[in-house]
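Below are the chains, spelled out letter by letter.
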Amino acid sequence: MDSAAASTSTYDDVRPSATTPRALATEAVHAGRDDLARQGLHAPPIDLSTTYPSYDSRAEAARIDAFAATGAEPDGPPVYGRLGNPTVARFETALARLEGTESAVAFASGMAALSAILLARAAMGLRHVVAVRPLYGCSDHLLTAGLLGSEVTWTDPAGIADALRPDTGLVLVESPANPTLAEVDLRAVAHACGSVPLLVDNTFATPVLQRPAEQGARLVLHSATKYLGGHGDVLAGVVACDEEFAGRLRQVRFATGGVLHPLAGYLLLRGLATLPVRVRAASASAAELARRLADDPRVARVHYPRIGGAMVAFEVHGDPHEVIAGVRLITPAVSLGSVDTLIQHPASISHRIVDADERRGAGVSDRLLRLSVGLEDVDDLWRDLRGALGAVAVEV
(Lines give C-alpha, C1' and ligand atoms only; values in the text may rest on other atoms or scores of the structure.)
Protein backbone atom coordinates (compact mmCIF):
# COMPACT_ATOMS: atom_id res chain seq x y z
CA MET A 1 0.00 0.00 0.00
CA ASP A 2 1.43 3.40 -0.98
CA SER A 3 1.67 6.29 1.43
CA ALA A 4 -1.04 8.92 1.82
CA ALA A 5 1.45 11.52 0.67
CA ALA A 6 1.77 9.87 -2.73
CA SER A 7 -1.98 9.81 -3.26
CA THR A 8 -2.83 13.24 -1.90
CA SER A 9 -0.24 14.95 -4.07
CA THR A 10 -2.17 13.98 -7.19
CA TYR A 11 -5.70 14.60 -5.96
CA ASP A 12 -6.29 17.44 -8.43
CA ASP A 13 -4.49 15.68 -11.28
CA VAL A 14 -6.99 12.85 -11.58
CA ARG A 15 -10.15 14.92 -12.00
CA PRO A 16 -12.01 14.74 -15.37
CA SER A 17 -10.43 16.96 -17.98
CA ALA A 18 -10.62 17.65 -21.66
CA THR A 19 -8.32 15.17 -23.39
CA THR A 20 -7.87 13.70 -26.83
CA PRO A 21 -10.82 11.32 -27.31
CA ARG A 22 -9.92 7.71 -26.61
CA ALA A 23 -11.80 4.48 -27.24
CA LEU A 24 -13.93 3.16 -24.39
CA ALA A 25 -11.66 0.16 -23.83
CA THR A 26 -8.67 2.48 -23.52
CA GLU A 27 -10.48 4.82 -21.13
CA ALA A 28 -11.55 1.86 -19.01
CA VAL A 29 -7.91 0.92 -18.48
CA HIS A 30 -6.32 4.37 -18.18
CA ALA A 31 -8.88 6.88 -16.88
CA GLY A 32 -8.14 7.81 -13.28
CA ARG A 33 -4.61 6.46 -13.65
CA ASP A 34 -3.07 8.89 -16.14
CA ASP A 35 -0.73 10.41 -13.54
CA LEU A 36 0.65 7.18 -12.11
CA ALA A 37 3.65 6.70 -14.40
CA ARG A 38 4.89 10.22 -13.62
CA GLN A 39 4.98 9.21 -9.96
CA GLY A 40 6.79 5.97 -10.66
CA LEU A 41 3.69 3.97 -9.77
CA HIS A 42 1.81 1.27 -11.62
CA ALA A 43 -1.07 0.40 -9.28
CA PRO A 44 -3.22 3.24 -7.91
CA PRO A 45 -2.47 4.18 -4.28
CA ILE A 46 -5.01 3.38 -1.60
CA ASP A 47 -5.41 6.27 0.83
CA LEU A 48 -7.18 5.07 3.97
CA SER A 49 -6.85 8.33 5.89
CA THR A 50 -9.99 9.70 7.49
CA THR A 51 -8.42 13.08 8.24
CA TYR A 52 -5.50 15.13 6.95
CA PRO A 53 -3.08 17.45 8.79
CA SER A 54 -3.18 21.20 8.19
CA TYR A 55 -1.25 23.89 10.02
CA ASP A 56 -3.14 26.76 8.36
CA SER A 57 -6.57 26.82 9.98
CA ARG A 58 -7.48 30.11 8.28
CA ALA A 59 -6.97 28.54 4.87
CA GLU A 60 -8.94 25.48 5.97
CA ALA A 61 -11.84 27.71 6.99
CA ALA A 62 -11.82 29.39 3.59
CA ARG A 63 -11.86 26.03 1.81
CA ILE A 64 -14.75 24.79 3.93
CA ASP A 65 -16.66 28.00 3.20
CA ALA A 66 -16.10 27.51 -0.53
CA PHE A 67 -17.38 23.94 -0.34
CA ALA A 68 -20.45 25.03 1.61
CA ALA A 69 -21.28 27.57 -1.08
CA THR A 70 -21.01 25.39 -4.21
CA GLY A 71 -20.07 21.84 -3.30
CA ALA A 72 -16.97 22.16 -5.46
CA GLU A 73 -14.12 20.00 -4.26
CA PRO A 74 -11.63 21.93 -2.14
CA ASP A 75 -8.39 22.95 -3.83
CA GLY A 76 -5.25 21.36 -2.50
CA PRO A 77 -4.96 18.30 -0.28
CA PRO A 78 -8.02 16.58 1.21
CA VAL A 79 -9.56 17.82 4.43
CA TYR A 80 -11.68 14.99 5.83
CA GLY A 81 -13.03 11.68 4.60
CA ARG A 82 -16.60 12.91 4.18
CA LEU A 83 -15.43 15.74 1.93
CA GLY A 84 -13.53 13.48 -0.41
CA ASN A 85 -10.84 10.85 -0.77
CA PRO A 86 -8.07 10.62 -3.39
CA THR A 87 -8.63 6.92 -4.14
CA VAL A 88 -12.37 7.39 -4.56
CA ALA A 89 -11.67 10.45 -6.71
CA ARG A 90 -9.81 8.25 -9.18
CA PHE A 91 -12.85 6.02 -9.59
CA GLU A 92 -15.13 9.05 -9.98
CA THR A 93 -12.83 10.44 -12.66
CA ALA A 94 -12.81 7.19 -14.58
CA LEU A 95 -16.57 6.66 -14.43
CA ALA A 96 -17.26 10.22 -15.58
CA ARG A 97 -14.98 9.70 -18.55
CA LEU A 98 -16.68 6.41 -19.45
CA GLU A 99 -20.16 7.97 -19.23
CA GLY A 100 -19.09 11.17 -21.02
CA THR A 101 -20.04 13.56 -18.21
CA GLU A 102 -18.18 16.36 -16.47
CA SER A 103 -18.19 14.70 -13.07
CA ALA A 104 -19.24 11.72 -11.01
CA VAL A 105 -19.99 11.38 -7.30
CA ALA A 106 -19.61 8.03 -5.53
CA PHE A 107 -21.65 6.77 -2.60
CA ALA A 108 -21.78 3.83 -0.21
CA SER A 109 -24.49 2.08 -2.27
CA GLY A 110 -26.78 2.60 -5.23
CA MET A 111 -29.65 3.42 -2.89
CA ALA A 112 -27.50 6.01 -1.10
CA ALA A 113 -26.83 7.58 -4.49
CA LEU A 114 -30.53 7.70 -5.40
CA SER A 115 -31.37 9.08 -1.96
CA ALA A 116 -28.83 11.87 -2.41
CA ILE A 117 -30.41 12.86 -5.72
CA LEU A 118 -33.88 13.01 -4.17
CA LEU A 119 -32.61 15.02 -1.21
CA ALA A 120 -30.76 17.45 -3.47
CA ARG A 121 -33.93 18.17 -5.45
CA ALA A 122 -36.12 18.32 -2.33
CA ALA A 123 -33.78 20.96 -0.88
CA MET A 124 -34.80 23.13 -3.84
CA GLY A 125 -38.52 22.57 -3.14
CA LEU A 126 -38.80 20.04 -5.98
CA ARG A 127 -40.17 16.95 -4.26
CA HIS A 128 -42.28 15.54 -7.09
CA VAL A 129 -40.87 12.69 -9.16
CA VAL A 130 -42.22 11.24 -12.39
CA ALA A 131 -41.16 7.62 -12.80
CA VAL A 132 -41.65 4.74 -15.22
CA ARG A 133 -42.05 1.18 -14.00
CA PRO A 134 -40.51 -1.26 -13.65
CA LEU A 135 -37.63 -0.06 -11.51
CA TYR A 136 -35.44 -1.92 -9.08
CA GLY A 137 -37.73 -2.92 -6.22
CA CYS A 138 -36.07 -0.79 -3.52
CA SER A 139 -36.04 2.26 -5.81
CA ASP A 140 -39.76 1.71 -6.36
CA HIS A 141 -40.34 1.41 -2.62
CA LEU A 142 -38.28 4.50 -1.76
CA LEU A 143 -40.45 6.58 -4.09
CA THR A 144 -43.81 4.98 -3.29
CA ALA A 145 -43.38 5.11 0.48
CA GLY A 146 -42.26 8.75 0.38
CA LEU A 147 -39.52 7.97 2.88
CA LEU A 148 -37.58 11.10 1.92
CA GLY A 149 -40.64 13.30 1.56
CA SER A 150 -40.95 12.74 -2.17
CA GLU A 151 -44.20 12.29 -4.09
CA VAL A 152 -44.24 10.08 -7.16
CA THR A 153 -46.43 9.91 -10.26
CA TRP A 154 -46.10 6.61 -12.10
CA THR A 155 -46.63 6.73 -15.83
CA ASP A 156 -45.57 5.14 -19.08
CA PRO A 157 -43.03 6.90 -21.33
CA ALA A 158 -45.78 8.44 -23.46
CA GLY A 159 -47.33 10.09 -20.41
CA ILE A 160 -44.23 11.80 -19.02
CA ALA A 161 -44.89 15.27 -20.45
CA ASP A 162 -48.45 15.32 -19.09
CA ALA A 163 -47.30 14.16 -15.65
CA LEU A 164 -44.87 17.04 -15.12
CA ARG A 165 -45.77 19.69 -12.51
CA PRO A 166 -44.16 22.96 -11.41
CA ASP A 167 -42.63 21.10 -8.45
CA THR A 168 -41.35 18.15 -10.49
CA GLY A 169 -37.67 17.76 -9.68
CA LEU A 170 -36.86 14.59 -11.53
CA VAL A 171 -37.93 12.05 -14.14
CA LEU A 172 -36.62 8.55 -13.45
CA VAL A 173 -36.37 5.65 -15.87
CA GLU A 174 -34.39 2.43 -15.94
CA SER A 175 -33.44 1.01 -19.34
CA PRO A 176 -33.09 -1.91 -19.70
CA ALA A 177 -35.37 -2.19 -16.70
CA ASN A 178 -35.02 -4.46 -13.71
CA PRO A 179 -36.16 -7.22 -14.00
CA THR A 180 -38.17 -7.36 -17.26
CA LEU A 181 -35.41 -5.77 -19.40
CA ALA A 182 -37.97 -3.41 -20.94
CA GLU A 183 -36.36 -0.56 -22.88
CA VAL A 184 -37.36 3.04 -23.45
CA ASP A 185 -36.32 5.53 -26.10
CA LEU A 186 -34.03 7.68 -23.96
CA ARG A 187 -33.78 10.49 -26.48
CA ALA A 188 -37.57 10.75 -26.75
CA VAL A 189 -37.94 10.64 -22.97
CA ALA A 190 -35.33 13.36 -22.52
CA HIS A 191 -37.25 15.53 -24.98
CA ALA A 192 -40.49 14.94 -23.06
CA CYS A 193 -38.79 16.04 -19.82
CA GLY A 194 -38.20 19.56 -21.06
CA SER A 195 -36.15 21.38 -18.42
CA VAL A 196 -36.70 18.71 -15.76
CA PRO A 197 -33.59 16.57 -15.23
CA LEU A 198 -33.81 13.04 -16.57
CA LEU A 199 -32.23 10.39 -14.37
CA VAL A 200 -31.42 7.11 -16.12
CA ASP A 201 -30.46 4.04 -14.11
CA ASN A 202 -27.80 2.56 -16.40
CA THR A 203 -26.82 -0.33 -14.14
CA PHE A 204 -27.84 -3.09 -16.55
CA ALA A 205 -26.43 -1.54 -19.72
CA THR A 206 -23.23 0.06 -18.36
CA PRO A 207 -21.44 2.65 -20.52
CA VAL A 208 -20.24 -0.25 -22.66
CA LEU A 209 -23.71 -0.60 -24.22
CA GLN A 210 -25.16 2.92 -23.85
CA ARG A 211 -24.23 6.38 -22.57
CA PRO A 212 -27.47 8.09 -21.53
CA ALA A 213 -25.85 11.53 -21.22
CA GLU A 214 -25.33 11.48 -24.98
CA GLN A 215 -29.09 10.99 -25.39
CA GLY A 216 -30.14 13.85 -23.15
CA ALA A 217 -30.01 12.48 -19.63
CA ARG A 218 -28.60 14.88 -17.04
CA LEU A 219 -28.03 12.20 -14.40
CA VAL A 220 -26.80 8.63 -14.86
CA LEU A 221 -27.11 6.29 -11.89
CA HIS A 222 -25.26 3.03 -11.29
CA SER A 223 -25.45 0.48 -8.59
CA ALA A 224 -21.68 0.10 -8.84
CA THR A 225 -22.05 -3.09 -6.80
CA LYS A 226 -22.99 -4.77 -10.05
CA TYR A 227 -21.01 -4.60 -13.32
CA LEU A 228 -18.68 -1.75 -12.40
CA GLY A 229 -17.23 -3.76 -9.53
CA GLY A 230 -17.90 -6.99 -11.34
CA HIS A 231 -16.77 -9.52 -8.77
CA GLY A 232 -19.45 -9.50 -6.08
CA ASP A 233 -17.11 -8.09 -3.45
CA VAL A 234 -17.90 -4.38 -3.25
CA LEU A 235 -21.01 -2.36 -2.35
CA ALA A 236 -21.25 1.08 -3.98
CA GLY A 237 -23.26 3.57 -6.00
CA VAL A 238 -22.30 6.42 -8.30
CA VAL A 239 -23.97 9.27 -10.17
CA ALA A 240 -22.43 10.65 -13.37
CA CYS A 241 -23.59 14.21 -14.08
CA ASP A 242 -22.56 17.79 -14.81
CA GLU A 243 -20.37 19.59 -12.30
CA GLU A 244 -23.19 21.83 -11.04
CA PHE A 245 -25.30 18.87 -9.94
CA ALA A 246 -22.19 17.07 -8.66
CA GLY A 247 -21.61 19.95 -6.25
CA ARG A 248 -25.07 19.52 -4.77
CA LEU A 249 -24.56 15.78 -4.44
CA ARG A 250 -21.25 16.26 -2.65
CA GLN A 251 -22.96 18.57 -0.17
CA VAL A 252 -25.63 15.95 0.51
CA ARG A 253 -22.98 13.26 0.83
CA PHE A 254 -21.02 15.37 3.30
CA ALA A 255 -24.11 16.11 5.38
CA THR A 256 -25.58 12.60 5.39
CA GLY A 257 -22.37 10.59 5.44
CA GLY A 258 -23.11 8.10 2.66
CA VAL A 259 -19.46 8.01 1.63
CA LEU A 260 -17.68 5.29 -0.29
CA HIS A 261 -14.84 3.54 1.52
CA PRO A 262 -11.44 4.05 -0.16
CA LEU A 263 -10.84 0.31 -0.52
CA ALA A 264 -14.16 0.03 -2.35
CA GLY A 265 -13.06 2.90 -4.58
CA TYR A 266 -9.88 1.00 -5.39
CA LEU A 267 -11.77 -2.20 -6.21
CA LEU A 268 -14.18 -0.29 -8.44
CA LEU A 269 -11.35 1.36 -10.34
CA ARG A 270 -9.79 -2.06 -10.84
CA GLY A 271 -13.15 -3.43 -11.98
CA LEU A 272 -13.55 -0.72 -14.62
CA ALA A 273 -10.35 -1.85 -16.34
CA THR A 274 -12.00 -5.11 -17.41
CA LEU A 275 -15.56 -3.80 -17.75
CA PRO A 276 -15.73 -3.77 -21.59
CA VAL A 277 -14.24 -7.25 -21.86
CA ARG A 278 -16.51 -8.70 -19.18
CA VAL A 279 -19.70 -7.11 -20.49
CA ARG A 280 -19.09 -8.19 -24.08
CA ALA A 281 -18.14 -11.75 -23.19
CA ALA A 282 -21.10 -12.20 -20.82
CA SER A 283 -23.45 -10.58 -23.36
CA ALA A 284 -22.47 -13.09 -26.03
CA SER A 285 -23.32 -15.96 -23.71
CA ALA A 286 -26.54 -14.29 -22.60
CA ALA A 287 -27.73 -13.88 -26.19
CA GLU A 288 -27.07 -17.56 -26.84
CA LEU A 289 -28.85 -18.65 -23.67
CA ALA A 290 -31.82 -16.44 -24.58
CA ARG A 291 -32.00 -18.19 -27.95
CA ARG A 292 -31.90 -21.66 -26.39
CA LEU A 293 -34.46 -20.75 -23.73
CA ALA A 294 -36.83 -19.44 -26.40
CA ASP A 295 -36.72 -22.87 -28.08
CA ASP A 296 -37.42 -24.79 -24.88
CA PRO A 297 -41.06 -25.90 -24.47
CA ARG A 298 -40.83 -25.50 -20.69
CA VAL A 299 -40.25 -21.75 -21.12
CA ALA A 300 -43.29 -19.58 -21.78
CA ARG A 301 -41.51 -16.34 -22.67
CA VAL A 302 -38.01 -14.91 -22.89
CA HIS A 303 -37.10 -11.26 -22.32
CA TYR A 304 -33.84 -10.07 -23.86
CA PRO A 305 -33.19 -6.41 -24.71
CA ARG A 306 -32.48 -5.12 -28.21
CA ILE A 307 -29.44 -3.36 -26.84
CA GLY A 308 -28.03 -6.71 -25.74
CA GLY A 309 -26.33 -7.22 -22.40
CA ALA A 310 -25.67 -9.97 -19.92
CA MET A 311 -29.15 -10.09 -18.35
CA VAL A 312 -31.87 -12.53 -19.43
CA ALA A 313 -35.36 -12.85 -17.94
CA PHE A 314 -37.68 -15.74 -18.70
CA GLU A 315 -41.06 -17.03 -17.60
CA VAL A 316 -41.66 -20.74 -17.11
CA HIS A 317 -44.88 -22.66 -17.56
CA GLY A 318 -44.57 -24.39 -14.21
CA ASP A 319 -43.19 -23.52 -10.78
CA PRO A 320 -40.21 -21.11 -10.98
CA HIS A 321 -39.10 -22.07 -7.48
CA GLU A 322 -38.27 -25.54 -8.77
CA VAL A 323 -35.80 -23.99 -11.20
CA ILE A 324 -34.16 -22.03 -8.38
CA ALA A 325 -33.87 -25.22 -6.33
CA GLY A 326 -32.53 -27.21 -9.28
CA VAL A 327 -29.45 -25.25 -10.35
CA ARG A 328 -26.02 -26.53 -9.35
CA LEU A 329 -23.45 -24.48 -11.28
CA ILE A 330 -25.49 -21.28 -11.34
CA THR A 331 -25.76 -19.53 -7.98
CA PRO A 332 -29.29 -18.79 -6.67
CA ALA A 333 -28.67 -15.34 -5.20
CA VAL A 334 -29.70 -11.70 -5.45
CA SER A 335 -27.60 -9.04 -7.18
CA LEU A 336 -26.08 -9.28 -10.64
CA GLY A 337 -23.12 -8.31 -12.77
CA SER A 338 -20.59 -10.67 -11.22
CA VAL A 339 -18.17 -12.94 -13.06
CA ASP A 340 -20.31 -15.91 -12.02
CA THR A 341 -23.89 -16.51 -13.14
CA LEU A 342 -26.70 -15.74 -10.70
CA ILE A 343 -30.42 -16.52 -10.84
CA GLN A 344 -33.26 -15.20 -8.70
CA HIS A 345 -37.05 -14.98 -8.54
CA PRO A 346 -37.89 -11.23 -8.51
CA ALA A 347 -41.42 -11.61 -7.14
CA SER A 348 -39.96 -13.32 -4.06
CA ILE A 349 -36.87 -11.20 -3.49
CA SER A 350 -35.76 -8.10 -5.40
CA HIS A 351 -39.31 -6.88 -6.09
CA ARG A 352 -41.11 -8.43 -3.11
CA ILE A 353 -41.36 -5.01 -1.50
CA VAL A 354 -43.46 -3.69 -4.42
CA ASP A 355 -47.25 -4.08 -4.16
CA ALA A 356 -48.20 -7.36 -5.85
CA ASP A 357 -50.79 -5.84 -8.21
CA GLU A 358 -48.46 -3.00 -9.20
CA ARG A 359 -45.61 -5.46 -9.63
CA ARG A 360 -47.63 -7.64 -11.98
CA GLY A 361 -48.94 -4.56 -13.78
CA ALA A 362 -45.36 -3.60 -14.55
CA GLY A 363 -44.75 -6.98 -16.16
CA VAL A 364 -43.08 -8.70 -13.22
CA SER A 365 -45.06 -11.93 -13.26
CA ASP A 366 -44.94 -14.54 -10.53
CA ARG A 367 -43.30 -16.97 -12.96
CA LEU A 368 -40.51 -14.64 -14.05
CA LEU A 369 -36.90 -15.57 -13.35
CA ARG A 370 -33.95 -13.20 -13.75
CA LEU A 371 -30.62 -14.55 -14.92
CA SER A 372 -27.37 -12.58 -14.64
CA VAL A 373 -24.98 -14.33 -17.00
CA GLY A 374 -21.35 -14.51 -15.99
CA LEU A 375 -18.16 -15.67 -17.67
CA GLU A 376 -18.58 -19.44 -17.51
CA ASP A 377 -18.70 -21.53 -20.69
CA VAL A 378 -22.13 -21.17 -22.26
CA ASP A 379 -22.55 -24.92 -22.76
CA ASP A 380 -21.92 -25.57 -19.07
CA LEU A 381 -24.48 -22.92 -18.17
CA TRP A 382 -27.04 -24.37 -20.55
CA ARG A 383 -26.49 -27.87 -19.19
CA ASP A 384 -27.24 -26.58 -15.69
CA LEU A 385 -30.29 -24.60 -16.81
CA ARG A 386 -31.65 -27.49 -18.84
CA GLY A 387 -31.32 -29.78 -15.84
CA ALA A 388 -33.08 -27.30 -13.55
CA LEU A 389 -35.86 -26.83 -16.09
CA GLY A 390 -36.36 -30.59 -16.05
CA ALA A 391 -38.25 -30.18 -12.78
CA VAL A 392 -40.74 -27.82 -14.41
CA ALA A 393 -43.94 -29.45 -15.67
CA VAL A 394 -45.15 -28.26 -19.06
CA GLU A 395 -48.75 -27.15 -18.94
CA VAL A 396 -50.96 -28.54 -21.68
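Here, every reference points to the structure presented above.
Thresholds applied
- Sequence order as written defines residue numbering, which begins from 1 separately in each chain.
- Totals for whole chains, interfaces and linings use every residue, but because this is a predicted model, local features are given only for residues with pLDDT of at least 70 and side-chain atom pairs only at 80 or more, for both listing and counting.
- In computing side-chain properties, one takes all heavy atoms of the structure into account and sets aside hydrogens as well as water.
- Note on terminology: a nonpolar core comprises buried Ala, Val, Leu, Ile, Met, Phe, Trp, Tyr and Cys residues joined through side-chain atoms within 4.5 Å.
- Burial status follows relative accessibility: with a 1.4 Å probe on protein chains alone, a residue under 20% of its type maximum counts as buried, one over 50% as exposed, and anything between as partly exposed.
- In this description a helix means any DSSP run of H or I spanning at least four residues, a strand means any run of E spanning at least two, and both kinds are numbered starting from the N terminus.
- Note on definitions: a residue-residue contact is assigned when non-hydrogen atoms from the two residues lie within 4.5 Å.
- A side-chain nitrogen of Lys or Arg and a carboxyl oxygen of Asp or Glu constitute a salt bridge if their distance falls within 4 Å.
- The pairing criterion for strands is at least two bridges between them, as found by DSSP.
- Every axis in this analysis is a line fitted to C-alpha atoms, fitted for helices over the stretch in contact. Angles between the N-to-C directions lie between 0 and 180 degrees.
- Put simply, angles under 35 degrees are roughly parallel, angles over 145 are roughly antiparallel, angles from 65 to 115 are roughly perpendicular, and the rest are oblique.
- Throughout this entry, Asp, Glu, Lys and Arg are counted as charged residues, while Ala, Val, Leu, Ile, Met, Phe, Trp, Tyr, Cys and Pro are counted as nonpolar. The remaining residues, Gly among them, count as polar.
- Two rings from Phe, Tyr or Trp (for Trp, the six-membered ring) form a pair when their centres sit within 6.5 Å of each other. Planes less than 30 degrees apart are called stacked, planes more than 60 degrees apart edge-to-face, and all others tilted.
- Two limits define a charge over a ring: the Lys NZ or Arg CZ must be within 6 Å of the ring centre, and within 35 degrees of the ring normal.

Looking now at the nonpolar core. By size, the foremost hydrophobic cluster in this structure holds 39 residues, and its most contacted members are Phe91, Leu228, Val238, Leu260, Leu268 and Leu275. Of all the elements in the fold, those that place two or more residues in this core are α2 (24–30), α4 (86–99), β1 (103–107), β7 (237–241), α11 (262–273), α12 (275–294) and β9 (311–316). With sequence-adjacent residues up to four places away left out, Leu228 is seen in contact with Phe91, Leu95, His222, Val238, Leu268, Gly271, Leu272, Leu275 and Arg278. Membership of the second largest hydrophobic core comes to 25 residues, among which are Ala116, Val129, Phe245 and Ala246.

Now for the pattern of salt bridges. Within this structure, the stated rule accounts for 25 salt bridges. For Asp357, the salt bridge goes to Arg360, with nearest N and O atoms at 3.6 Å. Of this pair, Asp357 and Arg360 both sit in helix α14 (residues 356–361), separated by three residues, roughly a single helical turn. We classify Arg360 as partly exposed; its relative accessible area is 42%. In this structure, Arg359 and Asp366 form a salt bridge, with 3.9 Å as the shortest nitrogen-oxygen distance. For Arg359, a relative accessible area of 5% puts it in the buried group.

We now examine the sheet that holds strand β12 (residues 368–372). One open sheet holds the five strands; their spatial order is β8-β9-β12-β11-β10, and the pairing between them is mixed. A strand with exactly one partner marks an edge of an open sheet, and here the two such strands are β8 (299–303) and β10 (331–332). In this sheet, β9 lies alongside β8 in antiparallel orientation, the contact comprising four bridges. Along β9, the bridge assignment pairs Val302 with Phe314. Along the sheet face, α12 touches β8, β9 and β12 and points at about 15° away from the line of β9. The strands touched by helix α15 (residues 378–389) within the sheet are β8, β9, β11 (342–344) and β12, with β9 carrying the most contacts at an inclination of about 20°.

A sheet is described by the order of its strands in space; here seven strands give the open sequence β1-β7-β6-β5-β4-β2-β3, paired in mixed fashion. Of all strands in the sheet, those with a lone pairing partner are β1 and β3 (151–155), marking the two edges. Averaged over neighbouring strand pairs, the angle between their axes works out to 20° when direction is ignored. The sheet contacts of α4 involve β1, β6 (219–222) and β7, and relative to β1 the element is tilted by about 130°.

It is at 4 Å that the axes of α11 and α12 come closest, and there the two elements cross at 60°. Classified by the angle their axes make, α11 and α12 are oblique. Contacts from Gly271, Leu272 and Ala273 in α11 reach Leu275, Pro276 and Arg278 in α12. Of the residues that constitute the contact of α11 with α12, the class distribution is four nonpolar, one polar and one charged.

Quick look at the packing of aromatic side chains now. Throughout the structure, instances matching the rule amount to one aromatic pair. Both rings, one in Phe67 and one in Phe254, keep their centres 5.6 Å apart while their planes meet at 75°; by these two values the pair is edge-to-face. Of this pair, Phe67 sits in helix α3 (residues 57–70) while Phe254 sits in helix α10 (residues 243–256), and the two are 187 residues apart along the sequence. For Phe67, a relative accessible area of 4% puts it in the buried group. Directly above the ring of Phe254 sits Arg82, whose terminal nitrogen or CZ lies 4.6 Å from the centroid.

None of the figures reported here should be taken as evidence of function without further support.
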